[in-house]
Amino acid sequence: MDQRVLVTTALEATWPTNREPVLFLGEWCRRFNRRDKWQLLDNEVVPYHWDEPGKLYIDYQYLQTLYEELVPTLSARLNYLHDTNHEDRYWRILVGPWLVKFLHVLFDRYESVKQLSTYSIHSSIVLTNTIDIEPANDTAGFTELYSTDLWNHALFAYILRELEVVDTLAFLESNEGDTDEDVDLNPTLLRSPISIGWKALGIYNKVALRFRRQTDVVLYLTYLHPFDEFRLRLRLFQIPCIQPVFPRFDETDIGATDSDRSLRDWRLFTNRDDVFVNILSKVIARHIPKVFLEGYSSLERQVELLPLPASPKAIWTSNAHFSDDLFNLWAGRQVEAGCPLLVGQHGGVFGLARFSPPEDHERLISDISLTWGWSEEGDHCYVPIGHF
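Nothing here was measured: the structure is a model prediction, and the numbers come from that model. (Residues numbered from 1 in each chain as written. Predicted model: local features only at pLDDT ≥ 70, side-chain atom pairs only at ≥ 80, totals over all residues. Heavy atoms only, no water.)

Trainee: Quick question: what am I supposed to make of the overall build of the protein here?
Mentor: Scanning the protein from N- to C-terminus turns up 11 helices and 10 strands. Here the C-alpha atoms of the protein give a radius of gyration of 24 Å, agreeing with the 21 Å that 2.2 N^0.38 yields for 388 residues. Taken along its principal axes, the extent of the C-alpha atoms in the protein is 75 × 50 × 45 Å. Sorting the 388 residues of the protein into buried and exposed places 50% on the buried side. Taking the contacts inside the protein whose residues are at least 6 apart along the sequence as the reference set, 71% of them involve residues at least 24 apart. For the protein, the accessible area works out to roughly 19,600 Å², and carbon and sulfur atoms hold 53% of it. Of note, the protein has its 37 positive side-chain charges centred 6 Å away from the centre of its 56 negative side-chain charges. (Helix = DSSP H or I, 4+ residues; strand = E, 2+ residues; numbered from the N terminus. Rg over C-alpha atoms; globule rule 2.2 N^0.38 Å. Buried < 20%, exposed > 50% of the residue type's maximum accessible area, 1.4 Å probe, protein only. Contact = heavy atoms within 4.5 Å. Areas by Shrake-Rupley, 256 points an atom, 1.4 Å probe, with all protein chains shown as cover. Lys, Arg positive; Asp, Glu negative; His and termini not counted. Charge placed at Lys NZ, Arg CZ, Asp CG, Glu CD.)

Trainee: Explanation requested: helix H10 (residues 325–336) in the structure shown.
Mentor: A turn of α-helix holds 3.6 residues, and therefore any two residues three or four places apart point the same way. Over its 12 residues, H10 extends 16 Å from the first C-alpha to the last, a length consistent with the 16 Å expected when each residue adds 1.5 Å. Burial within H10 is extensive, with 10 of its 12 residues counted as buried. What H10 keeps buried is the set Asp325, Leu326, Phe327, Asn328, Leu329, Trp330, Ala331, Gly332, Gln334 and Val335. Those residues of H10 that are buried lie in contact with helix H3 (88–114), helix H4 (139–145), strand S6 (218–220), helix H9 (296–304), strand S7 (315–317) and strand S8 (341–344). The N-capping residue of H10, defined by a side-chain oxygen 3.3 Å from the backbone nitrogen of Leu326, is Asp324. Two residues or fewer after H10 comes Gly338, characterised by a positive phi angle close to 105 degrees. (Expected span 1.5 Å × (residues − 1). Polar contact = N/O pair within 3.5 Å; in protein donor to acceptor, adjacent residues only side chain to side chain.)

Trainee: Teacher, can you tell me more about the nonpolar core here?
Mentor: A general feature of soluble globular proteins is that nonpolar side chains tend to end up buried together. If you look at the biggest cluster of nonpolar residues, it comprises 75 residues, and the most contacted ones within it are Leu94, Trp98, Phe102, Leu116, Phe276, Leu280 and Ile284. By residue number, the principal contributor to this core is H3, which donates 15 residues. Once you skip the residues sitting within four places of it in the chain, Trp98 turns out to touch Thr139, Phe142, Ile284, His287, Ile288, Pro289 and Phe292. (Core = buried A, V, L, I, M, F, W, Y, C linked by side-chain atoms within 4.5 Å.)

Trainee: Quick question: what am I supposed to make of the packing of helix H5 (residues 149–163) against helix H8 (residues 275–287) here?
Mentor: Helix-helix packing: each pair is described by the crossing angle between the helix axes and the interaxial distance. At their nearest, the axes of H5 and H8 sit 11 Å apart, and the two run at 140 degrees to each other. Judged by the angle between their axes, H5 and H8 are oblique. Seen from above, H5 lies across H8 with right-handed handedness. Along the contact surface, H5 presents Trp151, Leu155, Tyr158, Glu162 and Leu163, while H8 presents Val275, Ile279, Lys282, Val283, Arg286 and His287. Split by residue class, the contact of H5 with H8 holds 7 nonpolar, 1 polar and 3 charged. (Axes fitted to C-alpha atoms, helices over the stretch in contact; angles between N-to-C directions. Parallel < 35°, antiparallel > 145°, perpendicular 65-115°, else oblique. Left-handed = near helix turned anticlockwise from the far one by under 90°. Nonpolar A, V, L, I, M, F, W, Y, C, P; charged D, E, K, R; others polar.)

Trainee: Looking at this structure, how should I read the packing of aromatic side chains?
Mentor: Two numbers describe a pair of aromatic rings. These are the distance of the centres and the angle of the planes. Tallied over the entire structure, the rule returns 24 aromatic pairs. Measuring from ring centre to ring centre gives 5.5 Å for Trp91 and Tyr296, while their planes differ by 35 degrees; the resulting arrangement is tilted. Pair noted here: Trp91 is in helix H3 and Tyr296 is in helix H9, with a separation of 205 residues, a long-range link. Exposure remark for Trp91: the relative accessible area of 3% places this residue in the buried category. Through a chain of ring-to-ring contacts, the aromatic side chains of Trp28, Tyr48, Trp50, Tyr62, Phe107, Tyr110, Phe156 and Phe276 assemble into a single cluster. Sitting over the face of the ring of Phe32, Arg35 holds its NZ or CZ atom 3.9 Å from the ring centroid. Over the ring of Phe269 we find Arg272, and its NZ or CZ is 4.3 Å from the ring centre. (Phe/Tyr/Trp six-rings, centres within 6.5 Å; stacked < 30°, edge-to-face > 60°. Lys NZ or Arg CZ within 6 Å of the ring centre and 35° of its normal.)

Trainee: In this structure, what is going on with the environment of Leu94? I would like to understand it.
Mentor: Secondary-structure assignment places Leu94 in helix H3. Leu94 sits 279 residues away from Gly373 along the chain, and the two C-alpha atoms are 28 Å apart. Leave out the neighbours within four places in its chain, and Leu94 touches Phe292, Tyr296, Leu299, Asp325, Asn328 and Leu329.

Here it is, written out as structure tokens:
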């Protein structure tokens, strides 16, 4: 069997330049718009581990069990670091959206590397500027980050070192231009012109919000049409208005641009028999977004400035709970104070798929799930209200 150079991402700076045989870790390494280059190589692609029938569901069950162990353990760690005493549900609401994504992404990359055991690999090139890559600022930033080649290259390099799969890791100095040249983390959004009617609605909304009571039900990103939301507020005996979208977490208020190693010098678990859990235990402190560590006090200050009722009777969202850290911290506080959290369905796969980690997360953080017409037996409260 020919020995090959392992390539883990589409970063061409990590590809061999001397025509050596290449082993691509997955099809993601071979971008279609660069086929004129990789087709010239003697290359082979490692089969994707979740193409194996039945493996995806087995892994899902394993990760769900592990996730339920992670929540109280990470909650205790964050309470200790911030000298707080929040309930597990508070941290599940706040950190859970990131933790679900990170857990599944890390496991996917880990299993991809495990596939290499049957191949003959003599080396892999690692870019030096990925060794100490900075964590994301917030949950939304992590969602942008984990799809980039640079971040994945760094994570794959770490897993390769932990599993000792490759005999030689060749470290290469790289220029900024060598990485993620085709990735745009801040794409320009094309917006339609705002009509006079919508402008008038915006002016009215600003005035109406001034008359909101401190006990009003909070409706935020419900997916209702604005006029349907107006009618709902009238039925709740509230002044009709639309809650403005919160600003994104302002990372400039953290006080430092770099991560604080003193806040990240910990492991989640002691050594286990499970190799993946040991890797997770070591890397989670390195990758948890700054908003939950260095920027947590800043996040609390920014939440205090949000124009929201102090003691709402209930909260309904259909989208903000996924990546809006400001909303999630505020909602976590309100839930701890006894406010019910309603989460509305926003995607067609819910209630249909055999399993769905996002649906699991919604069920576990909410008191009531508002669905498009379906329900399930069990302890959780499902209210089928139809498509909205």
